[in-house]
Amino acid sequence: MSDFQELIKSFAKTREYVRDFFVYGFKTRNEFKNKSPRTYDNERRRLESWLGPYVRKDHAASGANISLGIDSNLLDSNPLFQVWKTKSFTDNDIVLHFLILDLLQDGRALTAEVITDSLLTEYESLFDTQTVRRKCNAYAKNGLLEKKKIGKNVLYFLNQTLALWLNSNDNIKEALSFYQMAEVFGIVGNVLAEQLDSQNQIFRVKHSFFVHTLEDEILSALLQFMNEKQSIQLEIKSSKKGSPNTAYCIPLQIFTSTRSGRRFLCGYICKSKRFTCFRLDAIKNITPLGQADEYDFLVKKLNQNRPHLWGVSFQGPEGHHLDTLTMRIQVKEPKELYIVDRLRREGRGGVVTRLEPDIYKYEIEVFDCNEMLPWIRTFIGRILSLECTAKSVEQRFYHDLQMMYQLYQMDETHQ
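Rules used in this analysis
- Residues numbered from 1 in each chain as written.
- Predicted model: local features only at pLDDT ≥ 70, side-chain atom pairs only at ≥ 80, totals over all residues.
- Heavy atoms only, no water.
- Phe/Tyr/Trp six-rings, centres within 6.5 Å; stacked < 30°, edge-to-face > 60°.
- Helix = DSSP H or I, 4+ residues; strand = E, 2+ residues; numbered from the N terminus.
- Buried < 20%, exposed > 50% of the residue type's maximum accessible area, 1.4 Å probe, protein only.
- Lys NZ or Arg CZ within 6 Å of the ring centre and 35° of its normal.
- Contact = heavy atoms within 4.5 Å.
- Pairing = 2+ DSSP bridges.
- Axes fitted to C-alpha atoms, helices over the stretch in contact; angles between N-to-C directions.
- Salt bridge = Lys/Arg side-chain N within 4 Å of Asp/Glu carboxyl O.
- Expected span 1.5 Å × (residues − 1).
- Arc of directions from axis to C-beta.

Attention now goes to the packing of aromatic side chains. A full pass over the atoms with the stated rule returns eight aromatic pairs. On the basis of an interplanar angle of 45 degrees and a centroid distance of 5.2 Å, the ring pair of Trp310 and Trp375 is categorised as tilted. Linking Trp310 in the loop between helix H10 (295-305) and strand S10 (323-330) with Trp375 in helix H12 (residues 373-377), this pair joins segments that are 65 residues apart in sequence. Of the two residues examined, Trp310 and Trp375, each falls in the buried class. Put simply, the rings of Tyr268, Phe275, Phe314 and Phe367 touch in pairs and so form one group of aromatic residues. Note that Lys148 overlies the ring of Phe157, its terminal NZ or CZ placed 5.4 Å from the centroid.

Right, let's talk about the environment of Ala247 for a bit. For Ala247, the location among the structural elements is in strand S6 (residues 244-256). A sequence separation of twelve residues divides Ala247 from Glu235, and the C-alpha atoms of the two residues are 6.7 Å apart. Contact partners of Ala247, with chain neighbours within four places excluded, come to Ile232, Gln233, Leu234, Ile236 and Phe278.

With that out of the way, let us pick up the sheet that holds S10. Spatial strand order, S11-S12-S10-S13: four strands in an open sheet with antiparallel pairing. Strands with a single pairing partner mark the edges of an open sheet, and in this sheet they are strand S11 (351-356) and strand S13 (383-388). Here the average twist between neighbouring strands, direction ignored, is 15 degrees. In terms of strand pairing, S11 meets strand S12 (residues 359-366) through five bridges, oriented antiparallel. Looking across to S12, one finds that Val351 is bridged to Glu363.

Applying the stated rule across the entire model yields 15 salt bridges. Arg354 is paired through a salt bridge with Glu333; the nearest N and O atoms lie 2.9 Å apart. Of this pair, Arg354 sits in strand S11 while Glu333 is found in the loop between S10 and helix H11 (337-346), placing the two residues 21 residues apart along the sequence. Ionic pairing is found between Glu394 and Lys391, a salt bridge with its closest N-O pair at 3.3 Å.

This brings us to the side chain of Asn305. Take Asn305: it is sitting in helix H10. Those residues in contact with Asn305 that sit more than four places away from it in its chain are Phe275, Phe314 and Phe367.

With 17 residues, helix H13 (residues 391-407) extends 24 Å from end C-alpha to end C-alpha; this agrees with the ideal 24 Å at 1.5 Å per step. Here H13 has its buried residues at Val393, Glu394, Phe397, Leu401 and Tyr405. Angular distribution of buried residues about the axis of H13 spans 125 degrees; they occupy a single face of the element. Within H13, the exposed residues directed more than 90 degrees away from the buried face are Gln395, Gln406 and Leu407. Buried-residue contacts for H13 involve H12 and S13.

Right under this line is the structure:
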């Protein structure tokens, strides 16, 4: 039986551990059906080690519910950045890390053979040349080192231009403090700020989606393949069903919900010849499949369709290309004209028309009117009628009203 290890090798595995408790939290030990009790205990111990101050335990009849309680409004940094700093390493990894970087501090460009000899003569550390070369190539790929080829020799050197610029620019600390809280890949700003021994003393973000950092590894790969205009294979695991699935698409754009914070990949499915959105937190792995010749044409086609996109769905419940929704509402003029302003501001291109005093009509064409229902319900009490070419949407709206009448023991005359 292997010993418990706080650090783990795969970031994808780290992401799963944190998401189990943070996103899908409030589960007891017995509710982790797909994992053994020992695995659950190990995951819990890792979580308590990484994010101890934010772990909450709520006792229930079935056992203790473990979850994460994080309020972005109160914090100066994203605690989930810690999951990026949990990668395991070997003794050779840590020794080579410090010795190679220290050896190249003076700006020299050295071959792997010279670095290996210098490690022995200057630090009395014996390593195989191939091991040193692999480590230098890995650091060059990750940006820690740079390399150049002169004749048959490959030279590695440390470029400190960025480090010197950061240390000489006092204002950069404030910029990094803001960036780590408000932008994509905030972990970059967090790590640079730590290198400068700087802490965020200025900024707080009221509505910050800290969980985004768990998806940034996937997002980084997607942006790379989008930049290269490649088609890809997605390995997807549904958060509801838990079953794995495979999808093939051409990645085109990233959508972010301003309401829920969820991020989606919008891609084109060649087999079905339609656009589809995939939740980033459901994507487990990405494999590039090669160049997509029609990439620019598909981006143009997507931009033409976006004005008719309410959320992320490109197909309504009844399969129509576009559905039309018409809503008549009552507005007491002039003191409630702010309602009309709200229709125009939040209506995403819908047409607002004054039919008669105190009566306005809102009309829009979208792919999936189902996505509009949460917004439409915010006008209940003012809605005089609602019609939709997707009759299932219309029926759902009125059915929900009937359920509400029954819940509050009202009849329709009180609406």
